Amino acid sequence: MTREVPDSCPGVLRLHQAADGPLARIRVPGGRVEPAQLQALAEAATELGDGNIELTSRGNLQLRQVRDAGELTRRLEAAGLLPSHSHERVRNIVASPLAGRVGGLLDVHPLVPLLDNGLQGVARLAELPGRVLFTLDDGRGDISGLGGDIGVHAVGADEFALVLAGGDSGIRISAADAVDIMLAAAHGFLDLSAGAWRLREVANGVAGVIDHLGLSPSAEPLAFAAAQAPPIGWLAQDDGLVSLGAGVRLGSLPARLAEFLAAIERSLFVTPWRSLVIPDLAEGVAEQVVRVLAPMGLIFDANSPWLLVSACAGQPGCAKSLTDVRADVAAAVESGRVTEREHWSGCARHCGRPRGQVTDVTATTDGYRVDRL
Ligand code: SF4
């Protein structure tokens, strides 16, 4: 497929003009956010935005209704959240949030800054479309099923499967070579892309990238399933500490709650399921975090109906929406009407629909239509 226009993914320097005002998307490679960065984001959301920090399906962050783009840029640069102007929109890297702490074959987090720096270090790679997604899976299978473009999936303590266009290429590479090979694959994609936004849109794209790399498949390809459930609640780490998986209602984190999270003084991870992982807590601290933050709305109960629902922006954020979808889905959850996985949309485009089995609840001029799968 050849695209006539470049992708329009928003960033900090290129805001999306949503119906409710300018929207900024902030890349956080590997989903990792430091406490001071979270505090800066909370203050920016309060003083320059609508008071919330949105979590995206790629583990990035968004601020809505941005009132002063220049001031936001200045603050994010000061917080280390905008290290490059030229490459800001290509830093789309998701990684297994629990890697190195709970299970998994290989800790992929150290690869994130290496890949990020590698992307930023090559001028040509700024030409990658903002849609291209790099995936790093520690072997548990939570990330490779997200349908990324270029990635690695651990198959041993020092070996990865090379993932291209969301599938196992059958190529096996060492951990030491993983970043260089992903960067080379990105160059291969650019050689072939002819305006395409995603590798899967390029005819024979996977074969072309493999040819560019000069590598040969050597293993039976693995099948990757879409992971549906985020890690929630008390997660015992291999080192005796605790990670807390926390759901966020409709992926929208109020700035006040973000300030409390920053006060825990731990790096935390934004997951591609619009939730959070707060790692490296002593048991007593973890108990205290749950006691304080659960009443404020963070979800530590894996059976919460809030974890079953997702929704598009709806009104007032989207001019196409027929209704305030988020208010409607909140009412449905609070009245106990949600018992299965549902995605609510303000029109038939179904933006933000998660992968895998999900019932579509779509606004129409005659009310909501429910399409069960
Ligand atoms: S699904 Fe429709 S209403 Fe919802 S954000 Fe997308 S275009 Fe807007």
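This write-up is about the structure you can find in this document. Keep in mind the model is a prediction, meaning the values are calculated, not measured.

Moving on, we come to the pairing of strand 18 (residues 359-364). In terms of residue burial, strand 18 counts as a mostly covered element, since five of its six residues are buried. As defined by bridge partners, strand 17 (residues 342-345) adjoins strand 18 across four bridges and the pair is classed as parallel. Counterpart to Ser 345 in the pairing with strand 18 is Thr 362. Judged from the five bridges that link them, strand 18 and strand 19 (residues 367-371) form a sheet pairing that is antiparallel. From the neighbouring strand, Val 361 faces strand 19, where its bridge partner is Val 370. In textbook terms, the turn of a hairpin is the stretch between consecutive antiparallel strands, and for strand 18 and strand 19 this stretch comprises two residues.

Moving on, we get to the sheet that holds strand 10 (residues 167-174). The five strands are arranged 6-7-8-9-10 in an open sheet whose pairing can be described as mixed. Among the strands making up the open sheet, the edge pair consists of strand 6 (93-95) and strand 10. When strand polarity is set aside, the average angle formed by the axes of neighbouring strands in this sheet is 25°. Here six bridges tie strand 8 (residues 150-156) to strand 9 (residues 159-164), and the two strands are oriented antiparallel to one another. For Val 152, the partnering residue across the bridge sits in strand 9 and is Leu 162. Along the sheet, helix 4 (residues 178-193) makes contact with strand 7 (134-137), strand 8, strand 9 and strand 10, crossing strand 8 at roughly 150°. Together, strand 9 and strand 10 form the strand contacts of helix 5 (residues 205-213), whose direction differs from that of strand 9 by roughly 135°.

Basis of the calculations
- Residues numbered from 1 in each chain as written.
- Predicted model: local features only at pLDDT ≥ 70, side-chain atom pairs only at ≥ 80, totals over all residues.
- Heavy atoms only, no water.
- Buried < 20%, exposed > 50% of the residue type's maximum accessible area, 1.4 Å probe, protein only.
- Helix = DSSP H or I, 4+ residues; strand = E, 2+ residues; numbered from the N terminus.
- Pairing = 2+ DSSP bridges.
- Axes fitted to C-alpha atoms, helices over the stretch in contact; angles between N-to-C directions.
- Contact = heavy atoms within 4.5 Å.

The values reported here are purely geometric and, on their own, carry no functional implication.
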